[in-house]
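# A closer look at the structure
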Amino acid sequence: PLPTMILLHNFFILSPRGDTIIAKSYRTGDNVGAHERSHTEAFFRKIRFWDGVATPGISDQSGLSPTASDGPLPAGDDAPGEAAERRGDAPPVFIMPDGLSYLHVKRNGLIFGCSTNRNVSPCTVVELLSKIAKVFKDYCGTLSEEAIRKNFILLYELLDEMLDYGYPQVTSTENLKSFVYNEPIVVTPIANTGQMVNPKTASASAVHKPVIDSVSASGKKATTTNQKNEIFVDILERLNVLFSNNGYVLNSTIDGCIQMKSYLAGNPELRLALNDDLVVGREKSAGAPYGAVVLDDINFHESVNLSEFEYAKTLQFRPPDGEFVVLNYRLTGDFKTPFRIFPAIEETAPKTIEISVLVRAEMPENHFGANVTVELPLPKCTAAASCSLVTSPGTTGAHAEYSAQDKKVVWTMKKLPGNSEQTVRIKVTLTQPCTSMIRREIGPISMNFEIPMYNVSNLQIKYLRIAENMPGYTPYRWVRYVTQSSSYVCRL
């Protein structure tokens, strides 16, 4: 249970444009809870034009960066590190000039925020905001601005049950069902890269169903009695890799999880089996067979029964309502990275630099990287830069351009097939002769991507079954593997 000392004064949800979609005030008093619109507007401007000042009294009277009111500052007015600091993201917690601490998280472009004048635990409040976002997604089916606007009556009802006078109460999707009487209005989910996956292996729209009976936008009721018994399983891995300038891996970790969303009638007990050769603990890897999956550590959802995990690598559990994480795992050390980056820099003239970046996809040919983005920062004294591409067959949507405002090259590919190489060549013209200090301003190269139906750790789900014998009960099981980049960086 959350500590009772947590007390929120305001809760709000802002759109990516800063519009207030949901706002609720729990405390009124001297400058507390009054003018909630002006509070949220000042908060949004603060995080939109972050000035690197987390406490009032150091910046101007309004608590906002001069960028917010006076427009962009000239290039020469900032201290050397200040401009870079202002381009960064705002921290999840900071104090505003009204004396309140503001905390926020971002989900699908939406900002879930709150304010308080108590000395609360930031981690606990951030977890509370994340829990509220998860519950809203479970009950609306999808988390988007349109879904929140169409279901604001339901969401205010949920808020009344989750927060009582600013104190957290019930935050479980399952326990809230008995208190909620409004029906959600289903909206069409936003298209994403999941549509590029084979439709036979993943159903992109069915997973966005609400956990309770709903109505469509036209008013037609869709009850859960005629819905199929389905369960969706995602094996999601996020890669953190650091390369040297010659393509060698300096540091590499995998943060993975198995997520589920169940629409099974009767909430039956499930059995989920993982690899037979799974080893948990780096110290136990010495006696593991060749090719075994070795995880550094692992943690499980509270509902998982681990009585058969040690010898059979089988989990037993009754899935709770809504989306939940069955287990989290971490893997460090050597693993085969899906992409390798090989940069090269050559000074062809005192004021001209030629840079080539080769990206090699080392996964099998039947897999591909989706929405690949490679960014290369250039020196501040860059006058112009031109890009040329050398692409392999099968690559789609390849494009590279230089952004003069951000002083970086952005290289994008809609689809990058496995076992192929792509190269971008950049000719950079400088306003002054190149020095060692200017060369240090180049890079590092960062890469973002998503690889559907592929995982690096080789953690596999052998089977997912219903533990009890239920004749005629044939659920649909959808299993999807997704690999994403968390921090994929190459030094220069």
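Look up a bit, the structure's there.
Residues numbered from 1 in each chain as written. Predicted model: local features only at pLDDT ≥ 70, side-chain atom pairs only at ≥ 80, totals over all residues. Heavy atoms only, no water.

### Structural notes on the overall build of the protein
Of regular secondary structure, the protein possesses nine helices and 27 strands. Across the 492 residues that make up the protein, the buried fraction comes to 46%. Put simply, 71% of the contacts in the protein that link residues at least 6 apart link residues at least 24 apart. When the accessible area of the protein is evaluated, it comes to approximately 24,200 Å², of which 49% is carbon and sulfur surface. (Helix = DSSP H or I, 4+ residues; strand = E, 2+ residues; numbered from the N terminus. Buried < 20%, exposed > 50% of the residue type's maximum accessible area, 1.4 Å probe, protein only. Contact = heavy atoms within 4.5 Å. Areas by Shrake-Rupley, 256 points an atom, 1.4 Å probe, with all protein chains shown as cover.)

### Focus: the packing of helix H4 (residues 122-140) against helix H6 (residues 152-162)
For any two helices packed against each other, the geometry comes down to the angle between their axes and how far apart the axes lie. Packing of H4 against H6 brings their axes to within 11 Å, and their N-to-C directions diverge by 140°. With respect to each other, H4 and H6 are oriented oblique. The hand of the H4/H6 crossing is right-handed. In this structure, H4 uses Lys131, Ile132, Val135, Phe136, Tyr139 and Cys140 to contact H6, whose residues at the interface are Leu154, Leu155, Leu158, Leu159 and Met162. For the contact of H4 with H6, the residue count by class is ten nonpolar, no polar and one charged. (Axes fitted to C-alpha atoms, helices over the stretch in contact; angles between N-to-C directions. Parallel < 35°, antiparallel > 145°, perpendicular 65-115°, else oblique. Left-handed = near helix turned anticlockwise from the far one by under 90°. Nonpolar A, V, L, I, M, F, W, Y, C, P; charged D, E, K, R; others polar.)

### Some points on the sheet that holds strand E2 (residues 20-25)
If you walk across this open sheet you meet the five strands as E2-E1-E5-E4-E3, and the pairing is antiparallel. Unpaired on one side and paired on the other, E2 and strand E3 (93-95) mark the two borders of the sheet. With strand direction ignored, the average angle separating the axes of adjacent strands in the sheet is 15°. Where strand E1 (residues 10-14) lies against strand E5 (residues 110-116), five bridges are found, and the strand directions are antiparallel. Paired with Asn10 across the strands is Ser115, a residue of E5. Contacting E1, E3, strand E4 (101-107) and E5, H4 runs over the sheet at an angle of about 40° to E4. (Pairing = 2+ DSSP bridges.)

### Some words on unusual backbone geometry
Here the residue pair Gly443 and Pro444 is connected by a cis peptide bond, since its omega of 0° sits within 30 degrees of zero. Its place among the elements puts Pro444 in the loop between helix H9 (436-440) and strand E25 (445-452). Even without glycine at this site, Lys407 takes up a positive phi of about 55°. Owing to a relative accessible area of 24%, Lys407 belongs among the partly exposed residues under this scheme.

### Side note on the pattern of salt bridges
Pairs can form between side chains of opposite charge once their charged atoms are near each other. For the structure shown, the criterion picks out 17 salt bridges. Between Asp19 and Arg17 there is a salt bridge, with its nearest N and O atoms 2.9 Å apart. Looking at Arg17, the relative accessible area reads 53%, which means it is exposed. For Asp321, the salt bridge is made with Lys177, and the minimal N-O distance between the two is 3.0 Å. Of the two residues, Asp321 sits in the loop between strand E16 (314-317) and strand E17 (323-332) while Lys177 sits in the loop between helix H7 (173-176) and strand E8 (214-215), which places them 144 residues apart along the sequence. Overall, the relative accessible area of 22% leaves Asp321 in the partly exposed class. Connected through salt bridges with shared partners, the residues Arg17, Asp19, Glu145 and Arg149 form a single ionic network. (Salt bridge = Lys/Arg side-chain N within 4 Å of Asp/Glu carboxyl O.)

Bear in mind that shape data such as this cannot, by itself, settle questions of function.
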